[in-house]
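So the chains spell out like this:
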Amino acid sequence: MNILWQDLRIGARMLMKHPGFTLIAALTLAMGIGANTAIFSVINTVLLKPLPYADSERLVAVWEVRKNGARGSVSYPNFVDWRAQNGVFEGIAVYEEDTMALTGAGEPANLRVVITTPDLFPLLNARPQLGRSFLPEEEKAGSRVIVLGHGAWRKHFGADPNIVGRRIMLDGKAFNVAGVMPAGFDFPVKAEPADLWVSAAINSEQESPGDKAANERRTAHFYHAIARLKAGVTLAAAGADLETVMGRLRTQYPDEVVGDHAAMQPYLNDLVGDVEWALLVLFGAVGMVLLIACANVASLLLARGVARQREFALRAALGAGRRRIVQQLLTESLLLASLGGLAALLLATWGVELLKALSPQNLPRVEAVRLDGRVLVFTLLISLLTGVIFGLIPALRATRVNLNETLNEGGRSGEGLRRNRLRGALVVAEVALALVLLVGAGLLINSFARLLRVNPGFDPHQVLTFQVDLPDAKYGKPGQSFNFNHEMLKRIEALPGVRSVAMIFKAPLGGSDASTTIQIEGQPADKTRYQPAGGRIATPGYFRTLGIPFISGRDFTERDDLNAPPVIIINETLAQQYFPNQNPIGKHIHPGVSVEGKPPWREIVGVTRSVRHHGLNLEPRPEYYLPYAQTPDFPLTTVVRTAGDPLAIVGAVRNEVRSLDRELAVDRVKTFDQYMAESVAQPRFNTLLLALFAGAALILTMIGLYGVMTYSVARRTREIGVRVALGAQTGDVLRLIVGQGMKLTLLGVVIGLVASLWLTRLMKSMLYGVSPTDPLTFAGIALFLALVGALACWAPARRAAKVDPIVAIRCD
């Protein structure tokens with residue numbers, strides 16, 4: 001312990017003796033360690049931390065898989081059979097997300113609602129703060145029970161301790177409050193938590209006389225499923241068991257079970273989706289930045305070791321063994337790394353806030369990212385590891401000295417060819433790592449630029465969107481919701497600055513999908529011939545409002561109502577896929593959407609350009625549009641094209657809605673420009689971070705190359721003076737020094753290109769329209785890095801060319 005304390009005191013004294021070296025080295029390390037800490041804090045919260053539910057590793061997401069391989073939601077009757085017949089789940093529940101209008105508690109407000117079965121809270125081992133959760137019998141029709149979220153309880157009910165048992169109005173219907181969940185509980189995990197949970201019994205209520213309730217229809221798929229595996233049950237065993245159940249259901253209900261089979265995966269994996277791989281790629285990239293920082297500091301220590309060779313020789317002459325000197329130097333390196341780690345924590349605190357501000361909305365739990373105990377331990381470990389990485393080799397090199405030569409020559413010529421090669425190897429490694437990062441950033445920038453140039457199929461500028469949820473209690477009778485929407489559209493269209501207005505079910509880039517099947521006219525009625533297609537519902541003028549051009553045919557009109565022949569508009573993709581080399585106008589298709597009963601055959605009256613509804617990076621799918629007047633029971637999004645700033649008319653829109661019904665709230669107000677920005681948020685996040693890391697790597701690499709060349713010029717001053725004295729011209733000296741640096745740079749470029757050809761393949765899923773081995777990107781980045789390397793060598797070379805030969809020869 002005394003020896004360690006002595007080494008620490010000597011190490012601290014040596015660092016304080018050279019404050020410039022200490023500051024530069026510590027800041028270099030802080031940059032690398034801080035970036036790693038910030039990214040790890042995100043990975044820790046998003047990927048590593050268990051979900052805030054007991055034994056969350058046993059939670060799995062379950063879904064049905066359609067015959068075309070697409071993921072599908074679950075019908076309630078299928079869920080009931082899964083629950084009764086499986087042998088692998090401790091519990092299983094289904095849920096759907098919706099909104100409901102809260103009235104009678106101050107200003108009307110639309111609340112985020114999760115409609116779920118009573119199994120959910122026991123499955124999550126979640127207990128209310130007040131009252132209780134749902135009872136099993138409250139899954140049956142006639143039960144209108146809710147559990148409030150803690151935030152909604154405080155915001156809308158003033159944290160009333162007597163809220164349990166109170167009746168509140170949602171969508172014009174009375175519900176009883178059964179309980180209140182504690183602060184911090186959230187399900188499903190979202191950027192905006194749920195306001196309340198409603199018993200799925202409401203979906204067992206008939207929407208109109210004679211119709212089956214949604215929960216009674218095996219073909220009505222709108223639920224998500226979550227289950228908890230029994231202890232010791234593997235995912236494979238659970239999948240096999242559930243597949244057996246699905247096989248029985250397909251045999252028992254051949255005309256109703258549309259799912260080909262069931263699938264599942266851990267709930268956390270399902271939650272993070274594609275974000276996981278992007279974060280791991282970014283973590284690998286920031287690790288390369290740290291390696292470059294370590295190489296830079298190692299190069300500094302090698303140079304400093306040369307200056308201290310006389311000191312080491314004296315210690316050795318006085319009896320200090322090589323191991324003792326290496327131990328002392330490693331202690332100094334660890335102290336230096338500790339300083340860098342402390343500075344890194346300050347940088348990481350700022351970096352975490354920056355990451356949270358830049359992160360896309362689909363990054364789960366990002367709002368909970370912070371520097372917790374695990375992150376601090378990570379920073380400590382990586383600081384210590386960094387100290388060993390950049391300190392060990394320089395320490396071994398510095399202590400490999402010849403006592404006689406070093407003491408006789410004063411330590412000036414103690415630097416040999418091997419040390420020069422080692423410093424050169426470090427520079428080559430830095431250049432190679434920097435090139436890998438720059439190529440990755442270049443590919444993402446190229447990909448993102450292409451994504452921004454994608455035509456979404458409509459004009460998103462100067463368009464406002466919003467929703468008004470109409471409660472069934474007041475607008476549930478035939479024609480009531482249609483009449484309200486018709487009057488609202490008329491009033492909004494009359495507002496100053498409004499060019500046109502329309503409504504759509506499932507707006508573009510809204511993050512939702514209405515997947516159905518269609519049957520093509522002339523094909524057999526065998527169910528296996530049903531074709532997948534997305535269904536949407538639009539009012540007349542929708543295509544004009546969003547600037548979606550028609551290829552042929554016409555738009556919907558006011559005459560396309562329930563008394564007119566059923567009509568349909570299809571997109572170009574559906575026309576090309578199912579009517580190749582044909583004119584589809586006048587033909588008929590059979591969609592999977594209707595007002596009641598069996599969907600009718602519908603005549604195709606128009607073909608529009610395809611819209612990228614699901615994302616700019618996804619090709620358009622076959623889709624169709626139904627006229628709202630023939631399918632009036634669906635909730636719609638209103639789209640308003642304006643002459644100026646669309647947000648400027650929000651107040652006027654709210655006033656018009658309130659003038660029609662004071663209990664209705666205008667909700668989910670967004671412009672389509674906001675939808676566009678959100679749709680590219682993840683690739684923007686990836687591109688920006690990797691570009692920042694690549695920029696940091698480039699700066700560190702050029703500093704390292706500049707330092708090596710400057711040091712080389714300083715050590716070769718006498719040689720250069722002799723060359724000049726013998727007749728070497730300025731150009732000769734420039735070529736000598738720049739050529740030496742360019743050899744290192746080009747070798748690093750070659751190695752980096754080879755590494756990039758393999759590593760960039762890991763980014764394939766993050767790219768759009770660009771190959772991971774795009775030759776133009778590779779060539780451009782290699783040329784750019786070579787030019788920057790030449791510039792880094794130019795300043796030391798110019799300094800060498802100005803050497804006075806008389807002074808240079810005398811200085812040694």
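1. Considerations on empty space enclosed by the protein
Here is step 1: For the structure shown, the criterion picks out 2 cavities of 30 Å³ or more.
Here is step 2: Each pocket or cavity is described by its volume, and for the second largest cavity that value is around 40 Å³.
Here is step 3: In this structure, the second largest cavity is lined by A101, T103, D171, G172, P471, K474, D661, E663 and L664.
Here is step 4: Each residue belonging to the lining of the second largest cavity can be placed in one class, and the counts come to 3 nonpolar, 2 polar and 4 charged.

2. A look at the packing of aromatic side chains
Any two aromatic rings considered together are summarised by their centre-to-centre distance and by the angle between their planes.
Here is step 1: This structure, assessed with the given rule, holds 23 aromatic pairs.
Here is step 2: Here the aromatic residues Y53, Y95, F121, F134, F185, F187, W197 and Y267 are joined through ring pairs into a cluster of three or more.
Here is step 3: Lying across the ring of W63, R71 places its NZ or CZ 3.8 Å from the centre.

3. Let's talk about a nonpolar patch on the surface
Here is step 1: The grouping of W277, L280 and L762 at the surface amounts to a nonpolar patch, some 260 Å² of accessible area in total.
Here is step 2: Mapped onto the secondary structure, W277 falls in helix α8 (residues 275-307).
Here is step 3: You can call W277 partly exposed: its relative accessible area is 37%.

4. Details of the side chain of R218
Here is step 1: Inspection of the secondary structure assignment puts R218 in the loop between β10 (196-199) and β11 (221-229).
Here is step 2: Of the polar contacts made by the side chain of R218, one reaches the side chain of D81; its length is 3.0 Å.

5. Re the pairing of strand β18 (residues 567-571)
Here is step 1: A large share of β18 lies buried, amounting to 5 of its 5 residues.
Here is step 2: The two faces of β18 match: V567, I569 and N571 on one face and I568 and I570 on the other face are all buried.
Here is step 3: Both β18 and strand β20 (residues 602-608) contribute to a ladder of 5 bridges, which runs parallel. In the sheet register, I570 faces β20, and the bridge partner there is V607.
Here is step 4: Judged from the 2 bridges that link them, β18 and strand β21 (residues 623-627) form a sheet pairing that is antiparallel. Looking across to β21, one finds that I569 is bridged to Y625.

6. Brief notes about the packing of helix α15 (residues 480-493) against helix α18 (residues 650-660)
Here is step 1: Two elements in contact, α15 and α18, have axes separated by 10 Å at closest approach and are oriented at 140°. One way to sum up the angle between α15 and α18 is to call them oblique. Judged by the twist between their axes, the crossing of α15 over α18 is right-handed. Across from F484, E487, M488, R491 and I492 in α15, the residues of α18 making contact are V653, E656, V657, S659 and L660.
Here is step 2: When grouped by side-chain class, the residues that make up the contact of α15 with α18 number 6 nonpolar, 1 polar and 3 charged.

7. Some words on the environment of A432
Here is step 1: Along the chain, A432 falls in helix α13 (residues 417-452).
Here is step 2: For the pair A432 and G748, spaced 316 residues apart in the sequence, the C-alpha separation amounts to 4.5 Å.
Here is step 3: If sequence neighbours within four positions are ignored, A432 has contacts with G748, I751 and G752.

8. Observations regarding the packing of helix α3 (residues 76-85) against helix α6 (residues 235-252)
Here is step 1: At a minimum axis distance of 10 Å, the contact between α3 and α6 shows a crossing angle of 130°. Put simply, α3 runs oblique to α6. In the crossing of α3 with α6, the sense of the turn from one axis to the other is right-handed. In contact with N78, D81, W82 and Q85 of α3, α6 contributes L242, V245, M246, R248 and L249.
Here is step 2: Counted by class, the contact of α3 with α6 contains 5 nonpolar, 2 polar and 2 charged residues.

What counts and how
Residues numbered from 1 in each chain as written. Predicted model: local features only at pLDDT ≥ 70, side-chain atom pairs only at ≥ 80, totals over all residues. Heavy atoms only, no water. 1 Å grid on protein atoms, 1.4 Å probe; cavity = no way out; pocket = protein on both sides within 12 Å on 5 of 7 lines; lining within 4 Å. Points joined across faces, edges and corners; volume = space filled by probe spheres on them. Nonpolar A, V, L, I, M, F, W, Y, C, P; charged D, E, K, R; others polar. Phe/Tyr/Trp six-rings, centres within 6.5 Å; stacked < 30°, edge-to-face > 60°. Lys NZ or Arg CZ within 6 Å of the ring centre and 35° of its normal. Patch = residues over 30% accessible without salt bridge, like charges linked within 9 Å, V, L, I, M, F, W, Y side chains within 5 Å. Areas by Shrake-Rupley, 256 points an atom, 1.4 Å probe, with all protein chains shown as cover. Salt bridge = Lys/Arg side-chain N within 4 Å of Asp/Glu carboxyl O. Helix = DSSP H or I, 4+ residues; strand = E, 2+ residues; numbered from the N terminus. Buried < 20%, exposed > 50% of the residue type's maximum accessible area, 1.4 Å probe, protein only. Polar contact = N/O pair within 3.5 Å; in protein donor to acceptor, adjacent residues only side chain to side chain. Pairing = 2+ DSSP bridges. Axes fitted to C-alpha atoms, helices over the stretch in contact; angles between N-to-C directions. Parallel < 35°, antiparallel > 145°, perpendicular 65-115°, else oblique. Left-handed = near helix turned anticlockwise from the far one by under 90°. Contact = heavy atoms within 4.5 Å.

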